[in-house]
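Geometric and topological summary
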Amino acid sequence: MSKVYQNILNQTNFEVPTDWLKVKTIDMHTGGEPLRVIVDGFPELKGNNVLEYRRYCKENYDYLRTALMFEPRGHADMYGCILVPANDDDGDFGILFLHNEGYSTMCGHAIIAISTLAVEMNWIDVKEGNNVLKIDAPCGRIVSYANVEKGKVTGVRFHCVPSFVVGLDRVVEVEGIGEVTYDLAYGGAFYAYVDIAKNNFDFDLTPTSYRQLITKGMDIKHAVMNTDNEIEHPFEEDLSFLYGTIFIDNTAQVSGVDSRNVCIFAEGEVDRCPTGSGVSGRMAIHKARKEIDYGETMSIESITGSVFKGSVVNEEDFGSFKAVIPQVEGTAYITGIQNFVIDPNDPMKDGFILR
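Parameters at a glance
- Residues numbered from 1 in each chain as written.
- Predicted model: local features only at pLDDT ≥ 70, side-chain atom pairs only at ≥ 80, totals over all residues.
- Heavy atoms only, no water.
- Helix = DSSP H or I, 4+ residues; strand = E, 2+ residues; numbered from the N terminus.
- Rg over C-alpha atoms; globule rule 2.2 N^0.38 Å.
- Buried < 20%, exposed > 50% of the residue type's maximum accessible area, 1.4 Å probe, protein only.
- Contact = heavy atoms within 4.5 Å.
- Lys, Arg positive; Asp, Glu negative; His and termini not counted.
- Charge placed at Lys NZ, Arg CZ, Asp CG, Glu CD.
- Polar contact = N/O pair within 3.5 Å; in protein donor to acceptor, adjacent residues only side chain to side chain.
- Patch = residues over 30% accessible without salt bridge, like charges linked within 9 Å, V, L, I, M, F, W, Y side chains within 5 Å.
- Areas by Shrake-Rupley, 256 points an atom, 1.4 Å probe, with all protein chains shown as cover.
- Salt bridge = Lys/Arg side-chain N within 4 Å of Asp/Glu carboxyl O.
- Phe/Tyr/Trp six-rings, centres within 6.5 Å; stacked < 30°, edge-to-face > 60°.
- Lys NZ or Arg CZ within 6 Å of the ring centre and 35° of its normal.

A few points about the overall build of the protein
For the protein, the helix and strand inventory stands at 6 helices and 18 strands. The C-alpha atoms of the protein give a radius of gyration of 21 Å, which matches the 20 Å a tight globule of 355 residues would have. For the C-alpha atoms alone, the extent of the protein along its principal axes is close to 70 × 50 × 45 Å. Within the span of the protein, comprising 355 residues, buried residues form 54% of the whole. Of the contacts made within the protein by residues no fewer than 6 positions apart, 62% connect residues no fewer than 24 positions apart. The average position of the 31 basic charges and that of the 52 acidic charges among the side chains of the protein differ by 4 Å.

Focus on the side chain of Ser104
Tracing the backbone through its elements, the reader meets Ser104 in strand S5 (residues 103-104). Looking at Ser104, the relative accessible area reads 0%, which means it is buried. In this structure the side chain of Ser104 is engaged in a polar contact, spanning 2.5 Å, whose partner is the side chain of Tyr79. Residues within four places of Ser104 in sequence aside, it is in contact with Arg54, Tyr79, Phe97, His99, Pro138 and Tyr243.

A short note on a nonpolar patch on the surface
Together, Met1, Val4, Tyr5, Ile8 and Leu9 make up an exposed nonpolar region whose accessible area comes to about 560 Å². Position of Met1 among the secondary structure elements: in the segment before helix H1 (3-10).

Side note on the packing of aromatic side chains
Taken as a whole and judged by the stated rule, the model has 17 aromatic pairs. Ring centres of Tyr191 and Tyr243 lie 5.8 Å apart, and the angle between their planes is 55 degrees; on these two criteria the pair is classed as tilted. With Tyr191 in strand S11 (residues 190-195) and Tyr243 in strand S12 (residues 242-249), the pair connects residues that are 52 residues apart, well separated along the chain. Here the two residues Tyr191 and Tyr243 agree in accessibility, since each one is buried. On the numbers, 6.3 Å between centres and 80 degrees between planes, the contact of Phe201 with Phe247 is edge-to-face. Of this pair, Phe201 sits in the loop between S11 and helix H5 (210-227) while Phe247 sits in strand S12, and the two are 46 residues apart along the sequence. Aromatic rings pair up to connect Phe164, Tyr186, Phe190, Phe235, Phe318 and Phe321 into one cluster. Directly above the ring of Tyr294 sits Lys287, whose terminal nitrogen or CZ lies 5.3 Å from the centroid.

What to know about the environment of Asp77
Following the sequence through the fold, Asp77 ends up in the loop between helix H3 (62-69) and strand S3 (80-84). Taking C-alpha positions, Asp77 is 25 Å from Glu175, a pair spaced 98 residues apart along the chain. Sequence-distant contacts of Asp77, that is, excluding residues within four places in its chain, are made with Glu33, Pro34, Tyr210, Gly268, Glu269, Val270, Arg272 and Arg355. Only 3.0 Å separates the side chain of Asp77 from the backbone nitrogen of Val270, close enough to count as a polar contact. Of the polar contacts made by the side chain of Asp77, one reaches the side chain of Arg272; its length is 3.4 Å.

Below, the structure written as structure tokens:
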């Protein structure tokens with residue numbers, strides 16, 4: 001055995017220079033959609049609530065978002081989160097969501113993953129059965145329930161913020177496509193929901209249509225953004241923007257599943273899971289169309305075949321809207337522990353994207 005190879009076996013720790021930034025993350029996935037949980041090394045964020053922390057991060061540390069989400073540490077479809085204090089003493093913690101375009105207002109797959117991690121890391125006093133977490137997202141407080149059996153998480157369900165329909169069967173002219181019929185709804189974020197059968201599209205919601213889904217999804221998103229002037233949250237201007245396009249196919253690929261969702265969000269990201277906030281908005285749509293009622297559950301699959309279950313647990317007035325409180329259920333898994341370093345002399349230290 002050569003001396004060099006012996007050194008390789010014996011010297012496996014890299015001594016990080018003192019002027020390099022070190023960031024520790026725990027990586028997870030929910031239904032195939034990644035979540036990079038930043039647990040140490042991120043600078044302290046200033047503010048008094050989650051929206052203020054979000055604003056401060058965007059104004060002062062956006063280069064760290066790109067460094068951790070973009071290549072070479074991430075990729076164009078990477079997703080992450082930062083944990084911050086809750087908005088008040090009744091909450092457990094707050095959460096900021098990161099992606100290739102910026103900072104989203106709600107993320108169901110992240111709520112499922114972080115609730116799972118809270119149990120795995122013993123951040124809470126874990127008990128058998130339901131473990132309740134009160135999580136402050138930019139869109140408001142989310143209550144999640146991590147079910148534990150024999151010390152292990154078997155699934156997470158969460159109650160989203162009030163979710164509502166802005167309009168059904170709206171029509172927008174999209175260059176290169178023509179007229180597109182869509183529903184506009186909010187489930188912690190605003191989405192344009194597009195039924196592919198209703199619009200007679202010539203593609204499906206499988207990985208073979210991946211490129212078409214991105215292109216057409218972004219074209220529809222931009223067309224709706226430019227023409228629909230009702231993308232307004234009743235109380236928060238920071239939440240008043242269209243996050244993405246959700247394509248719906250009611251001919252699911254898996255037996256026993258009601259339909260398929262594929263969400264194209266941010267700057268052309270494709271959600272690998274059924275999209276928790278998107279399912280929340282769908283519950284509002286289906287309730288408005290009288291297609292779901294209390295005690296009923298819909299199973300919605302993603303482009304990878306992973307499944308979330310959606311239901312309606314309550315209704316309430318929310319500004320001028322009749323909103324529902326949706327419940328979304330799914331499972332998440334830990335995939336790795338990362339210790340990232342950022343060399344201040346690296347010309348690509350802030351990351352880049354090649355799509």
